[in-house]
Amino acid sequence: MVPFQKLRKSKIYIVTAIILFLTLQNQAIEEKEHPLDQVYAGLSSNAIEPAEDNVLLKRLSLHTRGRLPSLTEYQRFTSDKSKDKVKKYAVRFLRDRDYAHYWSEMFGVLLREQSQQRKAPMGSYYNYISSSLHENKSYRTMVKELITAKGSVKKYPQANFYLRDDGDPLQVAEYVARAFYGRRLNCARCHDHPYDKKFTRRDYYGLAAFFSQVWVKKRQKFEFVPREKIHHFPKKYQKEYQQKMRDWNQKNRRKLSKAQRKRLREKNKLEIAEVMYEPKLGLRFPYLDDAPGGDLVKPKFPYGEVPILDPGEDRREVFAKWLTSKKNTRFRQIFVNRVAKKLLGFAFFEPLDDLTSETKIEAQPVLEHLVDVFHKQKYQVKNLILYIVTSKAYQRRSPRPGENPDRFAHFRPQRLDYAQLFNSMVQASNKNQVGHIWERSSALAKEISKINLKGRGELKQPKKEMKDFSNACEVRKPAHYNTFLSIFGAGDRNDIDDDTTDLSIEQVLTLLNGRVTTQVWRSASDEKGFYFSFYKKKNDMFDVYRAMYRTVLTREISEIEEQRLKRFTSSKFSGRRQQRYRKQMLEDLLWSMVNSDEFIHIY
Amino acid sequence: MNLFTSTKNNINRASVLKGLAALGLSPLAPLGKIFATGKNQPESIRIASPVKSVIFLNMAGGMSHVDTLDPKSNGQFGRASTRIRGVSLASTFSKTARELHRISMIRSLSSSQGDHRRAQFLLHTGYDIGAGFPDIPSMGAVIAFAHQKKGPYFPQHITIGGRGNMIGEAGFLGTRFNGYHIGNAERPLSNVEAHRWLSEDRFYRREQLLSMLNQHFSKKVSSNQTEKFKDMHKAAVEFMNSERLQVFDIKKENSRTAARFGESRIGKSLLLAKRLAQAEVPFIEVTVGGFDTHSNNRERLTQITKDLDPAVAALLGELGSSGLLKQTLFILSSEFGRTPNMASNGNGRDHYPRAWTTLIGGGNIQPKQVIGATDQRGEKVIKDKKTVSDQVATIYKAAGIDHGGELTSSFGRPFPLLGKGTPISGLI
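Residues numbered from 1 in each chain as written. Chains lettered and ligands numbered in written order. Predicted model: local features only at pLDDT ≥ 70, side-chain atom pairs only at ≥ 80, totals over all residues. Heavy atoms only, no water.

Next up on the list: the overall build of chain B. Looking only at helices and strands, chain B features twelve helices and 16 strands. The 428 residues of chain B split such that 60% are buried. Partitioning the contacts of chain B with sequence separation of at least 6, the portion at a separation of at least 24 is 74%. Working note: accessible area of chain B is about 16,500 Å², and carbon and sulfur atoms make up 47% of it. (Helix = DSSP H or I, 4+ residues; strand = E, 2+ residues; numbered from the N terminus. Buried < 20%, exposed > 50% of the residue type's maximum accessible area, 1.4 Å probe, protein only. Contact = heavy atoms within 4.5 Å. Areas by Shrake-Rupley, 256 points an atom, 1.4 Å probe, with all protein chains shown as cover.)

On to the nonpolar core. Among the nonpolar cores identified, the biggest contains 226 residues, and A:Ile147, A:Phe180 and B:Phe239 are the most heavily contacted of them. Grouped together as the second largest cluster of nonpolar side chains are 47 residues, B:Ala119, B:Leu122, B:Ile331 and B:Phe336 included. (Core = buried A, V, L, I, M, F, W, Y, C linked by side-chain atoms within 4.5 Å.)

All names here are of chain A. Burial along strand E2 (residues 214-217) is two-sided: the face carrying Val214 and Val216 and the face carrying Trp215 and Lys217 are both buried. One ladder, built from four bridges, connects E2 with strand E3 (residues 274-277); its direction is antiparallel. Following the sheet pairing, Trp215 is matched in E3 by Met276. (Pairing = 2+ DSSP bridges.)

Each partner contributes residues to the interface: chain A has 54 residues there, and chain B has 48 residues. Of the roughly 5,200 Å² buried where chain A meets chain B, counting both sides, 62% is carbon and sulfur surface. Between the two partners, chain A and chain B, sit six salt bridges. Note that A:Asp588 is salt-bridged to B:Arg202, the shortest N-O span being 2.8 Å. Remark: the boundary between chain A and chain B carries 14 residue pairs in polar contact (both at pLDDT 80 or more). Listing elements by their share of the side of chain A that touches chain B, those giving two or more residues are strand E4 (414-415), helix H20 (505-513), helix H21 (515-523), helix H23 (541-553), helix H24 (559-570), helix H25 (583-594) and helix H26 (597-600) of chain A. The biggest single contributor to the side of chain A that touches chain B is H25(A), with eight residues. (Buried area = accessible area lost by both parts, 1.4 Å probe. Salt bridge = Lys/Arg side-chain N within 4 Å of Asp/Glu carboxyl O. Polar contact = N/O pair within 3.5 Å; in protein donor to acceptor, adjacent residues only side chain to side chain.)

Here we take up a positive patch on the surface. Residues and elements named next belong to chain A. On the surface, Arg246, Arg253, Arg254, Lys262 and Arg265 cluster together to form a positively charged patch. Considering every element that reaches the positive patch, the biggest residue donor is helix H12 (residues 235-254), with three residues. Structurally, Lys262 can be placed in helix H13 (residues 258-267). (Patch = residues over 30% accessible without salt bridge, like charges linked within 9 Å, V, L, I, M, F, W, Y side chains within 5 Å. Lys, Arg positive; Asp, Glu negative; His and termini not counted. Charge placed at Lys NZ, Arg CZ, Asp CG, Glu CD.)

All names here are of chain B. Strand E8 (residues 328-334) sits mainly inside the fold: seven of its seven residues count as buried. Bridge analysis of strand E1 (residues 53-59) against E8 gives seven bridges, and the strand direction is parallel. Counterpart to Val54 in the pairing with E8 is Leu329.

Here we come to the environment of A:Thr517. Residues and elements named next belong to chain A. Tracing the backbone shows Thr517 in helix H21. The class of Thr517 is buried, set by a relative accessible area of 1%. When the C-alpha positions of Thr517 and Thr72 are compared, they lie 24 Å apart, and in sequence the two are 445 residues distant. Residues contacting Thr517, with those up to four places away along its chain left out, are Met425, Thr510, Leu511, Leu512, Trp591, Val594 and Asn595.

Time to look at the confidence of the model for chain A. Residue and element names in this part refer to chain A. Confidence in the prediction for chain A averages 87 pLDDT; 89% of positions are at 70 or higher. Segment residues 433-447: pLDDT under 50, and 29 contacts once partners within four positions in sequence are set aside and those in other chains are kept. Between residues 575-579, whose pLDDT stays under 50, and residues either more than four places distant or in other chains, the model counts four contacts. (pLDDT = per-residue confidence, 0-100.)

Residues and elements named next belong to chain A. With their axes 11 Å apart at the nearest point, H23 and H25 run at an angle of 20° to one another. Taken together, the axis directions place H23 and H25 in an arrangement best described as roughly parallel. Note that H23 runs across H25; the crossing there is right-handed. Facing Met541, Val544, Tyr545, Met548, Tyr549, Val552 and Leu553 of H23, the residues of H25 in contact are Met585, Leu586, Leu589, Leu590 and Met593. Of the residues that constitute the contact of H23 with H25, the class distribution is twelve nonpolar, no polar and no charged. (Axes fitted to C-alpha atoms, helices over the stretch in contact; angles between N-to-C directions. Parallel < 35°, antiparallel > 145°, perpendicular 65-115°, else oblique. Left-handed = near helix turned anticlockwise from the far one by under 90°. Nonpolar A, V, L, I, M, F, W, Y, C, P; charged D, E, K, R; others polar.)

All names here are of chain A. Between its first and last C-alpha, H23 extends 17 Å over 13 residues, near the 18 Å set by a 1.5 Å rise per residue. Counted residue by residue, H23 has twelve buried out of 13 residues, so it is predominantly covered. Those residues of H23 that fall on the buried side of the exposure criterion are Met541, Phe542, Asp543, Val544, Tyr545, Ala547, Met548, Tyr549, Arg550, Thr551, Val552 and Leu553. Measuring from the side-chain oxygen of the N-cap residue of H23 to the backbone nitrogen of Phe542 gives 2.8 Å; that N-cap residue is Asp540. Of the residues trailing H23, Thr554 is marked for its positive phi of about 50°. (Expected span 1.5 Å × (residues − 1).)

All names here are of chain A. Following Glu350, the chain continues into Pro351 via a peptide bond in cis, with omega recorded as 0°. By secondary structure assignment, the location of Pro351 is in the loop between helix H15 (329-344) and helix H16 (364-376). The omega torsion of the bond from Lys477 to Pro478 falls at -5°, within 30 degrees of zero and hence cis. Assignment of secondary structure puts Pro478 in the loop between helix H18 (418-428) and helix H19 (484-487).

Residue and element names in this part refer to chain A. This model, assessed by the stated rule, comprises 56 salt bridges over all chains. Between Lys88 and Asp80 there is a salt bridge; the shortest N-O distance is 3.0 Å. An identical accessibility class is assigned to Lys88 and Asp80; each is buried.

With that settled, consider the sheet that holds strand E12 (residues 370-371) of chain B. Residue and element names in this part refer to chain B. On the basis of which strands lie adjacent, the open sheet formed by eight strands has the order E6-E5-E7-E1-E8-E11-E4-E12 and mixed pairing. This sheet does not close on itself; its edge strands, each paired only once, are strand E6 (180-182) and E12. Sheet topology places strand E4 (residues 104-109) next to strand E11 (residues 356-361); four bridges connect them, and they run antiparallel. Within the sheet, the bridge partner assigned to Ser104 lies in E11 and is Ile360. Against the sheet, helix H10 (residues 265-278) engages E1, strand E5 (157-161), E6, strand E7 (283-288) and E8, with an angle of about 175° to E7.

The next point concerns the sheet that holds E2(A). All names here are of chain A. In spatial order, the strands read E1-E3-E2; together these three strands make up an open sheet with antiparallel pairing. Only two strands of the sheet have a single partner each, and these edge strands are strand E1 (151-152) and E2. Sheet topology note: the E1/E3 ladder contains two bridges and is antiparallel. Bridge pairing links Gly151 to Val275 in E3.

For the rest of this paragraph, the subject is the packing of helix H8 (residues 139-147) of chain A against helix H14 (residues 315-323) of chain A. Residue and element names in this part refer to chain A. The geometry of H8 relative to H14 is characterised by a closest axis approach of 9 Å and an angle of 160° between their N-to-C directions. With respect to each other, H8 and H14 are oriented roughly antiparallel. By crossing handedness, the relation of H8 to H14 is classed as right-handed. Here Val143, Lys144 and Ile147 of H8 lie close against H14, whose contacting residues are Arg316, Phe319, Ala320 and Leu323.

Structure (structure tokens):
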């Protein structure tokens, strides 16, 4: 009996031990360091300290949604004691439609999206981008869709991709190389690359040959491969094609009178462009004084091999597969670098579109780690953002006065870009009082990859009319020169990354005295507005100040400020004394806020 | 014009300075930080030249040469003689013809770019689009960069009238050399005045509130980025208070001078250009559009030159008689000429890059020279063919820029100011 009892006893011990072990392990999981932080830790000898709650919320909201957190979000976040609140809010922000609105600007400038393109429906490229981002489509799928696009731009809005370069294989190749492969190969169009001996002029044409089977139909429903492209057919098809064209002309045009032809042209006019795919089209190496040419170039991956193609195979499919394959880390490096520059405040390398063997890569282990994670996350952009923002590295505070700035240990303040600034101004004004739909609580999963990041809410679109904007995405791109957005750096969208973040005197003057600013501060005292509702409760101006501070600056009034504000309210500055609701004071305070260093920076 | 002295509440400068002091801003602080420019040094591309300012008149759209500066029998206008022997302009430029002896002319420009965007790009850079250098600056930005001045903020590169393409484009030289654009010469500056409702008291309060907020922030965060914004803020306030703002005010001109330039938009733009040249702004570009005369060539040219001709004549006369021409380079050019034959629609002319004419003078440019010539109908250049790059090289040399110089581009690569092109020896 004794052995049995002993056994039972020991059984209990074992069970207890197991339970204890599991609990401990569970706790270990709970408090496990973010994997990014494990890699990040080695970058700086300075300690990484967290930013204050309100600062972090402002940063998170501006980065993910391009706008300030609402007053309610501010209050709930700062009073939320849960450990995973950053993740909780990040998920909400990423599911918010403003994520798609804001990141469409970021993608728009990479993809050179323009709201109005000839022979394309208004905003169709934007709609493709924003809805892809909204549903958290993988970046890899997006790029594949763009590169292999064909058909009507209306039905397949990704075909806008080829419209931007009018289907010219050389321009497409240069663009694809910079945007997705991270190499500026333009030089090799006319001669072997001067700084890269491994890349010849023929290699350049080898890359362009992947895009040779495409042409853009813009004028007529019945249209053949344009005349200037015919010599890119293999010799034996050239005649065949010309014959086909002749036959068609004979049958449909030759016998018609001028007026009849005109009518026919009108009837067959193409309203929406189509991206055409013609498998037999190739690309001829140009003749030059000093080099032989005229042959059809074989497609060749940059710095890689010549793929074996089946006759008639869509070369773009082959290229897209190669470009987005796991082996091609560059594809991920280039993208992760862009995202990191925005979120972490430094790029691993620059320029963003040219990564050469000479490029100095900083914090390489972190880049490699993120590149790896991005692959495991199946190239889903929201997941990558969520992964980064939940790390302590992201949440680090900015440098204090007197400190030696260390960009790894400190978050380097960023000036708001045009979209962030515009959206924040709209929010600061009294008119956009409708908060966002974030109250719907979402169930939080443990694993980031399992979290549902599909967007919620209907997406806003570029507007035909130039008025009543509530978000920068509603302004047609490229933004008109005379607009607030253009002054603050919204570019022409002709080249990659032509939005600028350079500071100019005009920007400061616009912020001081411009019309958007004026609309914003003048709205402050509106008695139908949001701010007034805070006054109504207790007839206390400080309730309004507080609301304004929380909305515009995402913080509380400091003690010193409180004393000063009291002095302002009781001094000769108080405007008409009888009037207890101090309109002018509010206007002046709001003006000062949108001009303050604090408002204009993410820090 | 001046923000703080012209408001109806008559705020004086002293109270503003007090306000600025409250902001922690000294209005006289140097702005070195804003103007520091990375690897590029302006001295590296400077050469000796008396020129302090360049006025570039851009006839956008392609000006029909046979109807204007290179009159031919197939032109639609008569001729106007000049004081240079054997040289006449078309009657569209009859007033300018009387001032032509002050400057010179290139009648043999020729290129292969017949597309507006490409040709305008070439005109402003001496490069073809896609020559392997994205992000390159226009010559205006290069000249502004090389002539940049230290001291309180004032724009160095000013564009008036039309814009787009390469006009005012600073490329890798950065926003501060972008053209400060003026759409309407009568209202040249935007946002340099505060809202008209604001009284002195409220100004003061705003400054106090802003300084209160900034003080709070500066105790918490400090970095280059935030400092840069502070500096720019300072520059902006300084610009608002600048005594030199009246340079922009064409109403300050005496009425006789103003009358010579004319009441038209073009006249006012050129008058403003003259004032800016007087103030030694390094590069001033005035773009006059409407030359793309695919139809109604005659009517449209008549209409534009009715305003343009007296204004150009007045500008040349004014620059010449005041002696300003010695330190001001004057150029009038277009991106290409137009077909000598009447083409599309029967009454218009199409793009024709094989021949056109430029007026150039001032500074060290030899006056009264006519470089090159076209054949009887203005169809092709028969003497001294010049490229647009040659023209840019000439402008550079005259403006005190080493046309063979190099800058460092944003990729950290050397960027030659010109790929090809040599200054025209008969001119400079």
